[in-house]
Every structure is written in structure tokens, then in C-alpha cells.
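Examining the three-dimensional arrangement
Next come the chains, spelled out residue by residue.
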Amino acid sequence: MDRTPPSGTAHSGASHRFRSELRRWRTRQGLTQRALAERVRFSRETVAAVESGRRFGSHEFAVRCDEVLDTGGRLAALWPQVAAEQLAADGRRGPRFGEVARLDPAAAPPPARRDASDPEAVVAAIDELRELIGQVLGQPDADVPPPPGPR
């Protein structure tokens, strides 16, 4: 699940570099947003929203774009900084509609604290939160297709 950045972050450092690199590599390869979306198995709307700064992408989105666009890992290398900006934006904004889990806090041990200056820890925390929110809301990640295989 991608996050919508608040209006003030549309031009933030790492997010701006990520968007610029994505667009530059996509156009260098001669791909439309739709063509890239089909190759990375995300929606065209997601590609457009990430490029325009209306949404944050995901680590998986960055990795798939790196593979398709043959960037040498440039987008994934930017991802920890983008994730840190996303975490900061989420912290300023607070929970979004329906994201507050109605769980008994005594039922689960408190999560281990992570070092917020460690980009990998930030990415891992965001991924865990996305999974937990999806479980609580009973909503699968609409931008990530199901794994290939028999249905």
C-alpha cells in the first residue's frame, strides 16, 4: 500500500530525486507510464502518482522499476531515504481513516525499538506496518499483484 504524501512533501529531497530518476530512466528507455506499469506489474495510476509526487511508491516498486529500466539499482538505493521521508510524513499527519487498530494492547508484547537513523530499520518498520494495517483492515495491497500461479 503506497502512502499519499502531505502537500508539503511534494518537493522534498529524496522523494524528488526518486521521482526525477524514475521519469528520466523511463523516458530514456522510451516507455510510457502505461508501458512501464505493465512491465513492473503496478497500475499506470501508481506510476503516474509516484512520478508526480502525489504518492510514495514502495520498496518493491523501486526494485521492479530498477530491473525493468536497467538502472543499476539507483532507485532502490534512494529508497531508504524516501522511506524515512514517508515515515516522517506519516508521523506528522497521524493515523489515516480507519488505520487505528482496535487491538488489546495487553495481548501483544511491545515491539522492539528500532534505530530511526538506520535506513534499513526504517524500511523494515514501514513494511511491517503496511502488513499489519492490511491485516487489520482486511484489505490486500491493491498495487501489488498476487503471485503468479494456478488460481
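This text follows the structure it describes.
Residues numbered from 1 in each chain as written. Predicted model: local features only at pLDDT ≥ 70, side-chain atom pairs only at ≥ 80, totals over all residues. Heavy atoms only, no water.

1. A few points about the overall build of the protein chain
- Broken down by element type, the protein chain carries six helices and zero strands.
- Listing the helices and strands of the protein chain from first to last along the sequence gives α-α-α-α-α-α.
- Within the span of the protein chain, comprising 151 residues, buried residues form 36% of the whole.
- At a minimum sequence separation of 6, the contacts of the protein chain that also span at least 24 residues come to 70%.
- Entry remark: accessible area of the protein chain is about 9200 Å², with carbon and sulfur atoms responsible for 56%. (Helix = DSSP H or I, 4+ residues; strand = E, 2+ residues; numbered from the N terminus. Buried < 20%, exposed > 50% of the residue type's maximum accessible area, 1.4 Å probe, protein only. Contact = heavy atoms within 4.5 Å. Areas by Shrake-Rupley, 256 points an atom, 1.4 Å probe, with all protein chains shown as cover.)

2. Structural notes on the pattern of salt bridges
- For the coordinates displayed, the defined rule picks out four salt bridges.
- Connected via shared salt-bridge partners are Arg23, Arg26 and Glu51. (Salt bridge = Lys/Arg side-chain N within 4 Å of Asp/Glu carboxyl O.)

3. Observations concerning the nonpolar core
- Counting residues in each nonpolar core, the largest one holds 25 residues, and the members touching the most others are Phe18, Leu22, Leu36, Phe61, Cys65 and Leu69.
- Mapped by element, the contributors of at least two residues to this core are α1 (13-28), α2 (33-40), α3 (44-52), α4 (59-69), α5 (74-93) and α6 (119-137).
- Looking at this core element by element, the count peaks at six residues for α5. (Core = buried A, V, L, I, M, F, W, Y, C linked by side-chain atoms within 4.5 Å.)

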